[in-house]
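# Understanding the architecture of this molecule
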Amino acid sequence: MELPDYSQLEKNIGYPFADRQILATALRHRSYVHEHPEGLSDNERMEFLGDAVLNLIVSHILMERFPNLTEGELSRVRAGLVNEDRLAAAAKSIHLGDHLMLGKGERRTSGQQKKSILADTFEALVAAVYLDGGFAGAFDLIRTHFAPFFDAIETDRPVFDYKSLLQEYVQSRQMNMPAYDIKDESGPDHDKTFRVTVTVGGFTTEGVGKNKKTAEQDAAQRAYDQLKAQDG
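The text that follows walks through the structure, step by step, so that each part is easy to find. (Residues numbered from 1 in each chain as written. Predicted model: local features only at pLDDT ≥ 70, side-chain atom pairs only at ≥ 80, totals over all residues. Heavy atoms only, no water.)

## Describing the environment of T25
Mapping T25 onto the fold places it in helix α2 (residues 20–26). Looking at T25, the relative accessible area reads 19%, which means it is buried. Sequence separation between T25 and M101 is 76 residues, and the spatial gap between their C-alpha atoms is 9.2 Å. With sequence-adjacent residues up to four places away left out, T25 is seen in contact with S41, D42, N43 and M46. (Helix = DSSP H or I, 4+ residues; strand = E, 2+ residues; numbered from the N terminus. Buried < 20%, exposed > 50% of the residue type's maximum accessible area, 1.4 Å probe, protein only. Contact = heavy atoms within 4.5 Å.)

## A few points about the packing of helix α4 (residues 44–65) against helix α8 (residues 115–145)
Contact geometry for α4 and α8: axes closest at 7 Å, N-to-C directions at 50°. Taken together, α4 and α8 sit at an angle that is classed as oblique. For the element pair α4 and α8, the recorded crossing hand is left-handed. Tallied by class, residues from the contact of α4 with α8 come to 18 nonpolar, two polar and five charged. (Axes fitted to C-alpha atoms, helices over the stretch in contact; angles between N-to-C directions. Parallel < 35°, antiparallel > 145°, perpendicular 65-115°, else oblique. Left-handed = near helix turned anticlockwise from the far one by under 90°. Nonpolar A, V, L, I, M, F, W, Y, C, P; charged D, E, K, R; others polar.)

## So, the packing of aromatic side chains
Taken as a whole and assessed by the stated rule, the structure comprises seven aromatic pairs. With a centroid separation of 5.8 Å and an interplanar angle of 45°, the aromatic rings of F135 and F139 are classed as tilted. With F135 and F139 both in helix α8, this residue pair falls four residues apart, about one helical turn. Overall, the relative accessible area of 34% leaves F135 in the partly exposed class. We classify F139 as buried; its relative accessible area is 11%. Relative to Y224, the ring of Y162 has its centre 6.1 Å away and its plane inclined at 55°; by these criteria the two rings are tilted. Remark: Y224 occurs in helix α11 (residues 212–231) and Y162 occurs in helix α10 (residues 162–172); sequence separation between them is 62 residues. (Phe/Tyr/Trp six-rings, centres within 6.5 Å; stacked < 30°, edge-to-face > 60°.)

Here it is as structure tokens:
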């Protein structure tokens, strides 16, 4: 099977493949394979590998850039980075959707723009770079294309606006709006720590941060995660 010209995608990601067959597999959605039963492999196994590689690299970078974060804080920040929205945004930044191999049904429903497909394919792309160029190649890919998300943490902007997400969630279910309350602030003026609670859906969660805004985001994320867990 003759491969498409992937030179533009390679330019977008900043990595030239030695074996473009690996890249082709990463871009091949199961819907395409179902319509072309000639022994082709879809990208789902590569998604599995890419997810592991991505989490390792993001963990590595977070530990390097944020030496003062605790294990719990690192875990929460990583969860805010390695999720469908962030992965889809990274995929869009390199125009990954233009190169997906999708079945006719997925193309009719604009599958190349779906967050879930873009996020999964970005994970498969990470695996492809890892398999073709080793850890260093994958590390450079993530460091480059996740840079805006890492920078957002350093400038004290939330990686994801969980307050808005929580508000949209409760509105969609006709629940009472979240109520935030500052419980405590400690430390000297130049290095304060805030504790904030949010009450929603019959329970209260607590968040911690270096200012009120980040503490509220932390509390909102915990509340949102708890509500989503109840949804099953």
